[in-house]
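Analysis of the macromolecular model
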Amino acid sequence: MGQTTVTHDSHAAHEHDHHEQSFIMKYFFSTDHKIIGLQYMFTGMFMAIVGGYFAYAFRMQLAFPGMEVPLYGTVGPGEYNMLITNHGSIMIFWVAMPVLIAAFGNILIPLMIGCDDMVFPRLNRLSYQIFLLSVVVLFMSFFVQGGGFGGAWTSYPPLSAVAEYNLTDWGASLWLIAVALEFVAFLIGGINFVTTSMNARAPGMRMTDIPMVVWMIVLASIMFMASVGPLIAGSIMLLMDQRIGTTFFVPSGGGDPILWQHLFWFFGHPEVYVVLLPALGIVAEIMTTFARKKLFGYKTILYTTFATGGLAFVVWAHHQFIAGIDPRMANIFLVTTLLISIPIAEILFSYIATLYGGSIEFRTPMLWALGFLITFLLGGVTGIYLGSSALDIYFHDSYFVIAHFHYTFFPIAIIGMFAGLYHWYPKMFGRMMDETLGKIHFWGTIIPFNGIFLPLFLVGMAGQHRRIYNFQHFPDLATADLQGIRVFATVSMVTMLLFQFVFAYNFFVSMFKGEKAPANPWKSNTLEWTVPSPPPHGNFAELPVVYRGPYEYSVPGNKEDYWPQNMPDRN
Amino acid sequence: MILLVAPEIPANSNAERRQLVSSSIFATVILIMTEVMFFAALISAYMIIRSGSEEWPPWGQPRLPVFATALNSLALLASAFCLHQSVKVFSSQALRSKQLLALTIALGTVFVSVQGYEWVQLISFGLTITSSTYGGVFYLIIGAHGLHVIGGLLALLACLKRLNSTSQQLTIDNLRAAQIFWYFVVGVWPVLYTLVYLL
């Protein structure tokens, strides 16, 4: 289907381009990679609002049990389960994945490697349409008899497999179908990303001239596609258990519930790195631009990422240390889990070395990038505690785990997303965002974020179990001290949510009223900054030729401190 | 209105792609990586469920038709051979290539039809998807493979259709992509047959 499809598609698109397209045709059925990227981004941001709203509702219930939550109502036990389940699934599958991989991947890959569009534009559109369908199915699951699924985002059977246990007969199935559809969407998108990055690079761009964020998105896509097969198989089996009455995961019928855990976590752990890598890539682009320095150890980072990708496939059982797996097997997974912190630490050290001696400019994107480094570091360090199988017996399913993975996922999904948004906003919308509001938003997010999750480490160490909707029922956990910490975390959370209005205002007002952005506002090297902001359909008036790597900043002998990749002579 | 696509600047059509390997082949290979992992999961699920049960096949459940399926497998293997020949003579002998492609599709259809007939009989003997985990994994794995055969057949049919059409010419890369997928479908079958029928 390859070559012919491409030419046909681009012909068709260009013919349409000359007469004015209707709004619907242009923004809903476009095959242009930038439009599809924006569709993913807006859908992801909308889902972030839903996920944040759910978190608000259950955090209020934890801090003030039984209270009627403003803008929500009372949260009962079943509803609490539904809220935490869907908060988790939405934030990972419908926020982190679409924004970090699909949105930034779609917008950046063709622009950064210097081509006019994806290799398979129609597959790209199909990918978004399936993704949108998955969103619709997920929303349907909230409104069926019994309400949305409440068996946690990990969906362990037999709870998730038998309707008499989870009490959400159709909610559970629709949730599962939504997740499966979302996987199909990213499978199609990922094939496109990898093929495009390998096959459509501008002349002269060698493998090691590809900007790090493109590499990271490509590697994340490959990891996603290599790990998702088992979970698709598992989802089909679980769906059959729910709807047809098979007993693959139901012990009473001869099935094995631990099998699901293996299939789920074989995907679930690489998934962490799937979303981490694009965020690391975004941070690399921003740090080199605002430190005016070459990326320290491009090849080291690249090979280290390969190592991470390989190791990520052999750590999954550290999620199952107390599921009754053989302790000898637990030992193996302990070793691999601790091993994987080495390549990640190496990448972070390379980033710090990139900053060392640079002329750092604290613009908003740079603040977010540095915020990523610092908060992610805490997440990584606490992971070492959880990775050791002995400590995990105590920490498992406690708030320590919650705090740990929010210290990894929040920097990835939220801080990484904002870093990328502030950095590429001028390119995406052709206007600059307000710096002051951006900085207020940064501090108003990063300080309350630590206010939420640092205390949760403490309650976790005090033994507070997750998935309990009202701690007043447990005398050991209902003490005034612990309740005070919970209230503090919730207040921090509400504060953080309120500061997001600053972002919303800045985002939408700048889109129409912001200062017009030049083609290269940050004086950056990569190819997307050589085209007008916003880029025209087809991106490049003349396809660029690449002469050097993407991070040639402050090169001695040049008049300017940046040296665009497509500039033949000294700058 | 925010104009992300400014129409006044002439767009670059027919952009030259410097392909490492043909994009359609590349994409198919990546898809097959996912498929391999998918079947690996089904196989491991089969082995785990089987090792957890006391008697396999469980008492009272019918045995699988080992010999008839072996014969049927020959049809599938022969189809891969035909496709190999078809691709080989694609540029030199167009008519022969087309005939061989049609033969490939015919053999694939025979395989799926005989499998379907086998299922009808097994169901009448009392092996259903809910009769035991034995029935469950059997229909799951063989069904997943059957769907892949049907998918592969559809891809080959699309190739055949484009061979006949004048507006959309079939390129060798398109056919190769379909060929790779078909080889995967044929190649995974002996593994599944050995696992589910023989062991």
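Residues numbered from 1 in each chain as written. Chains lettered and ligands numbered in written order. Predicted model: local features only at pLDDT ≥ 70, side-chain atom pairs only at ≥ 80, totals over all residues. Heavy atoms only, no water.

Details of the overall build of chain A
On a plain count of helices and strands, chain A comes out with 16 helices and zero strands. Across its three principal directions, the C-alpha atoms of chain A cover 70 × 50 × 50 Å. Of all intrachain contacts in chain A linking residues separated by at least 6 positions in sequence, the fraction that spans at least 24 positions is 79%. Per element, the accessible surface of chain A, about 20100 Å² overall, is 70% carbon and sulfur. Each charge class in chain A can be summarised by its mean position, and for the 26 positive and 33 negative side chains these summaries are 8 Å apart. (Helix = DSSP H or I, 4+ residues; strand = E, 2+ residues; numbered from the N terminus. Contact = heavy atoms within 4.5 Å. Areas by Shrake-Rupley, 256 points an atom, 1.4 Å probe, with all protein chains shown as cover. Lys, Arg positive; Asp, Glu negative; His and termini not counted. Charge placed at Lys NZ, Arg CZ, Asp CG, Glu CD.)

Quick look at unusual backbone geometry
Residues and elements named next belong to chain A. With an omega of 0 degrees, the peptide bond between Pro157 and Pro158 qualifies as cis. Within the fold, Pro158 resides in the loop between helix H5 (121-142) and helix H6 (163-166). Here the residue pair Ser533 and Pro534 is connected by a cis peptide bond, since its omega of -10 degrees sits within 30 degrees of zero. Within the element layout of this structure, Pro534 appears in the segment after helix H16 (480-513).

Quick word on the packing of helix H3 (residues 33-63) of chain A against helix H14 (residues 399-429) of chain A
Residue and element names in this part refer to chain A. Between H3 and H14, the shortest axis-to-axis distance is 13 Å and the interhelical angle comes to 145 degrees. Crossing geometry of H3 relative to H14 is assigned as left-handed. Contacts between H3 and H14 pair Leu38, Met41, Phe42, Met45, Arg59 and Leu62 from the former with Tyr399, Leu421, Met428 and Phe429 from the latter. Partitioned by chemical class, the residues of the contact of H3 with H14 number nine nonpolar, no polar and one charged. (Axes fitted to C-alpha atoms, helices over the stretch in contact; angles between N-to-C directions. Left-handed = near helix turned anticlockwise from the far one by under 90°. Nonpolar A, V, L, I, M, F, W, Y, C, P; charged D, E, K, R; others polar.)

Comments concerning the confidence of the model for chain B
Averaged over all residues, the pLDDT of chain B equals 89, while 91% of them reach at least 70. Every residue in residues 1-14 of chain B is under pLDDT 50, and counting partners more than four places away or in other chains gives 41 contacts. (pLDDT = per-residue confidence, 0-100.)

Examining the pattern of salt bridges
Residue and element names in this part refer to chain A. Scanning the entire structure with this criterion turns up eleven salt bridges over all chains. Among the ionic pairs, Arg206 bridges to Asp209, the shortest N-O distance being 3.1 Å. Note on Asp209: relative accessible area 2%, which makes it buried. A salt bridge links Arg363 to Glu435; the nearest nitrogen and oxygen atoms lie 3.3 Å apart. Taken together, the positions of Arg363 in the loop between helix H11 (327-355) and helix H12 (364-387) and Glu435 in helix H15 (residues 435-461) put the pair 72 residues apart, joining distant regions of the chain. Among the residues examined, Arg363 registers a relative accessible area of 25% and is labelled partly exposed. (Salt bridge = Lys/Arg side-chain N within 4 Å of Asp/Glu carboxyl O. Buried < 20%, exposed > 50% of the residue type's maximum accessible area, 1.4 Å probe, protein only.)

As for a nonpolar patch on the surface
Residues and elements named next belong to chain A. On the surface, Leu338, Leu377, Val381, Ile384, Tyr385 and Leu391 cluster together to form a nonpolar patch covering roughly 490 Å² of accessible area. Broken down by element, the nonpolar patch gets its largest block of residues, four residues, from H12. Mapped onto the elements of the fold, Ile384 is located in helix H12. Owing to a relative accessible area of 40%, Ile384 belongs among the partly exposed residues under this scheme. (Patch = residues over 30% accessible without salt bridge, like charges linked within 9 Å, V, L, I, M, F, W, Y side chains within 5 Å.)

Remarks on the nonpolar core
Membership of the largest hydrophobic core comes to 255 residues, with the highest contact counts inside it found for Trp94, Met237, Tyr351 and Phe372 of chain A. No other element matches the 24 residues that helix H4 (residues 77-113) of chain A contributes to this core. One finds Ala75, Val89, Leu100 and Leu107 of chain B within the second-largest nonpolar core, a separate group that totals five residues. (Core = buried A, V, L, I, M, F, W, Y, C linked by side-chain atoms within 4.5 Å.)

Topic: the side chain of Gln464 of chain A
Among the secondary structure elements, Gln464 of chain A is positioned in the loop between H15 and H16. The exposure class of Gln464 of chain A is buried, given its relative accessible area of 1%.

Some details on the packing of aromatic side chains
Residue and element names in this part refer to chain A. For the structure shown, the criterion picks out 71 aromatic pairs over all chains. Above the plane of the ring of Phe471 lies Arg486, whose end atom (NZ or CZ) is 4.2 Å from the centre. Positioned above the aromatic ring of Trp563 is the side chain of Arg548, whose terminal nitrogen or guanidinium carbon lies 3.7 Å from the ring centre. (Phe/Tyr/Trp six-rings, centres within 6.5 Å; stacked < 30°, edge-to-face > 60°. Lys NZ or Arg CZ within 6 Å of the ring centre and 35° of its normal.)

Let's talk about the environment of His33 of chain A
Residues and elements named next belong to chain A. Locating His33 in the fold gives a position in helix H3. In this structure His33 comes out as buried when scored by relative accessible area, which is 0%. For His33 and Met118, which are 85 residues apart along the polypeptide, the C-alpha to C-alpha distance reads 6.5 Å. Contact partners of His33, with chain neighbours within four places excluded, come to Asn106, Ile107, Pro110, Leu111, Asp116, Asp117, Met118, Asn124 and Asn539.

What to know about the environment of Gly143 of chain B
Residues and elements named next belong to chain B. In this fold, Gly143 is placed in helix H4 (residues 133-164). As a C-alpha pair, Gly143 and Trp119 span 24 residues in sequence and 9.7 Å in three-dimensional space. With near-sequence residues (within four places) excluded, Gly143 lies in contact with Trp119 and Phe138.

With respect to the environment of Val401 of chain A
Residue and element names in this part refer to chain A. Following the sequence through the fold, Val401 ends up in helix H14. With relative accessibility at 15%, the residue Val401 sits in the buried group. Residues Val401 and Trp563, spaced 162 residues apart in sequence, show a C-alpha to C-alpha distance of 45 Å. When sequence neighbours within four positions are dropped, the list of residues in contact with Val401 reads Leu386, Phe395, His396 and Arg466.

Quick word on the packing of helix H7 (residues 169-199) of chain A against helix H8 (residues 212-243) of chain A
Residues and elements named next belong to chain A. With their axes 8 Å apart at the nearest point, H7 and H8 run at an angle of 150 degrees to one another. One way to sum up the angle between H7 and H8 is to call them roughly antiparallel. Handedness of the crossing formed by H7 with H8: left-handed. Grouping the constituent residues of the contact of H7 with H8 by class yields 23 nonpolar, six polar and two charged. (Parallel < 35°, antiparallel > 145°, perpendicular 65-115°, else oblique.)

Here's the deal with the confidence of the model for chain A
Looking at chain A, pLDDT values average 92 and 96% of them are 70 or higher. Within the model, the stretch residues 1-19 of chain A combines pLDDT values under 50 with 30 contacts to residues more than four positions away or in other chains.

Regarding H8 of chain A
All names here are of chain A. Its 32 residues give H8 an end-to-end C-alpha distance of 44 Å, which sits within 8% of 46 Å, the value for a rise of 1.5 Å per residue. Bending of H8 peaks at approximately 35 degrees at the position of Val228, with proline Pro230 no more than four residues after it. With 28 of 32 residues buried, H8 lies mostly within the body of the structure. A positive phi of about 100 degrees marks Gly245, the residue just after H8. (Expected span 1.5 Å × (residues − 1). Bend = angle between axes of the 7 residues up to and from the residue.)

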